[in-house]
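Commentary on secondary and tertiary structure
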Amino acid sequence: MANAAVLNDEDVMEPTLQSIIDQKTLRWIFVGGKGGVGKTTTSCSLAIQLAKHRKNVLLISTDPAHNLSDAFNQKFGKDARKVDGFDNLSAMEIDPNGSIQDLLAQGGESAEESMAALGGMGNMMQDLAFSIPGVDEAMSFAEVLKQVKSLSYEVIIFDTAPTGHTLRFLQFPTVMEKALSKISQLSRQFGPMLNGFLGASGRLPNGQNMDELIEKMETLRSTISEVNEQFKNPDMTTFVCVCISEFLSLYETERMIQELNSYEIDTHAIVVNQLLFPKQDNPCEQCNSRRKMQKKYLDQIGELYEDFNVVKMPLLTEEVRGSEKLEKFSEMLVKPYQPPV
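Residues numbered from 1 in each chain as written. Predicted model: local features only at pLDDT ≥ 70, side-chain atom pairs only at ≥ 80, totals over all residues. Heavy atoms only, no water.

- Under the annotation held in an unreviewed UniProt entry, the protein carries the name ATPase get3 and is attributed to Paraphaeosphaeria sporulosa.
- Here is the UniProt Sequence similarities (unreviewed entry) comment for the protein, exactly as written: "Belongs to the arsA ATPase family."
- Quoted verbatim from the Subunit (unreviewed entry) heading of the UniProt record, the comment on the protein is "Homodimer." (UniProt positions renumbered as here; feature names shortened; annotations may be inferred.)

**Considering the UniProt feature "active site" (unreviewed entry) in the protein**
- UniProt annotation of "active site" (unreviewed entry) refers to D63 when read in the numbering used here.
- Along the chain, D63 turns up in the loop between β2 (57-61) and α3 (68-72).
- In this structure D63 comes out as buried when scored by relative accessible area, which is 9%. (Helix = DSSP H or I, 4+ residues; strand = E, 2+ residues; numbered from the N terminus. Buried < 20%, exposed > 50% of the residue type's maximum accessible area, 1.4 Å probe, protein only.)

**Considerations on the layout of surface pockets**
- Taken as a whole, the second largest pocket holds about 470 Å³ of empty space.
- If you trace the second largest pocket, you find 23 residues lining it, with V37, G38, T41, Q274 and V320 closest to the centre.
- Counting only elements with at least two residues in the lining of the second largest pocket, the list comes to α2 (39-51), α3, β7 (269-275) and β8 (309-314).
- By residue number, the principal contributor to the lining of the second largest pocket is α2, which donates three residues.
- When grouped by side-chain class, the residues that make up the lining of the second largest pocket number nine nonpolar, eight polar and six charged. (1 Å grid on protein atoms, 1.4 Å probe; cavity = no way out; pocket = protein on both sides within 12 Å on 5 of 7 lines; lining within 4 Å. Points joined across faces, edges and corners; volume = space filled by probe spheres on them. Nonpolar A, V, L, I, M, F, W, Y, C, P; charged D, E, K, R; others polar.)

**Section: the sheet that holds strand β4 (residues 89-93)**
- The strand order across the open sheet formed by eight strands is β3-β4-β2-β5-β1-β6-β7-β8, and the pairing between neighbours is mixed. A strand with exactly one partner marks an edge of an open sheet, and here the two such strands are β3 (81-82) and β8.
- On the sheet, α2 packs against β1 (28-33), β2, β4, β5 (155-159), β6 (237-244) and β7 and is oriented at approximately 155° with respect to β1.
- Across the sheet, helix α11 (residues 285-304) touches β6, β7 and β8, and the angle it forms with β7 is around 175°. (Pairing = 2+ DSSP bridges. Contact = heavy atoms within 4.5 Å. Axes fitted to C-alpha atoms, helices over the stretch in contact; angles between N-to-C directions.)

**Considering the packing of α2 against helix α12 (residues 323-334)**
- Remark: α2 packs on α12, axes separated minimally by 8 Å, with the N-to-C direction vectors making an angle of 80°. Taken together, the axes of α2 and α12 lie roughly perpendicular to each other. Residues T41, T42, C44, S45, L46, I48 and Q49 of α2 pack against S323, L326, E327, F329, S330, E331, L333 and V334 of α12.
- Grouping the amino acids of the contact of α2 with α12 by side-chain chemistry returns seven nonpolar, six polar and two charged. (Parallel < 35°, antiparallel > 145°, perpendicular 65-115°, else oblique.)

Below, the structure written as structure tokens:
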């Protein structure tokens, strides 16, 4: 077994997320991990810190069990809304269960009307699109891109669903490119035939123009292709892994980091939540026992990820809810927590 590389003092990674705050070129930041490890609290806290250094910040929840509203004690929906107490921080919760029909619908017409107007051709296009795994879920990603592109944010933070969903979400740009490419190919192939059915107006019964539909799909494919390249650029995108100091969470984190590497997505920060820091003379046997277990896995994290920023966050005695408590909690992401003696 090869010896691990020895880091010099100046090479040791700081136990904070300050490097992410300072990296002004970052546009996309994903926060993810196993369910129940504090992803939402971490993503909200990171967004608050970024808002202190960026012109405008957008926080997006793609988790079906939306928690942003609970975290900030403020209702959010599918449209970006300013977070109370902040002039440059907005949040939104999108429906992760989008549909391919939404892509093909345009203006005020329903997706069903558009597809019905296309008749058998519409069914062929829809069937072909659905033949690509994950394309229906990918519609939520397309919706995010549409909204984000129409707005102007310096950085976008994603509060993602548990690990498996997150990894699929990161594959969506590639999935969408394939789906839209196939749909466009089919549209071009059968376009002349369809135009013959449509007559001189070139419009479907619901008023939609076939050429406009094809152009819309090509534009969306171009946008998604551009974002796909940005996701693989470490200057523009990074992924913050969130975990707790237990075996299953550590295992899930390792699996996620390996997959992120296979997708060529940068990750160099791990936030370890819910750590116990009992005082030396603490008589609580359970506290000391759990702290001993946590230390074992913390040591493993240190060995496995010596080239990562590993941020250690304490288990608090109260819930972190509301802007004020989140802002206080967020300080520990950039200033290492000092446990009581």
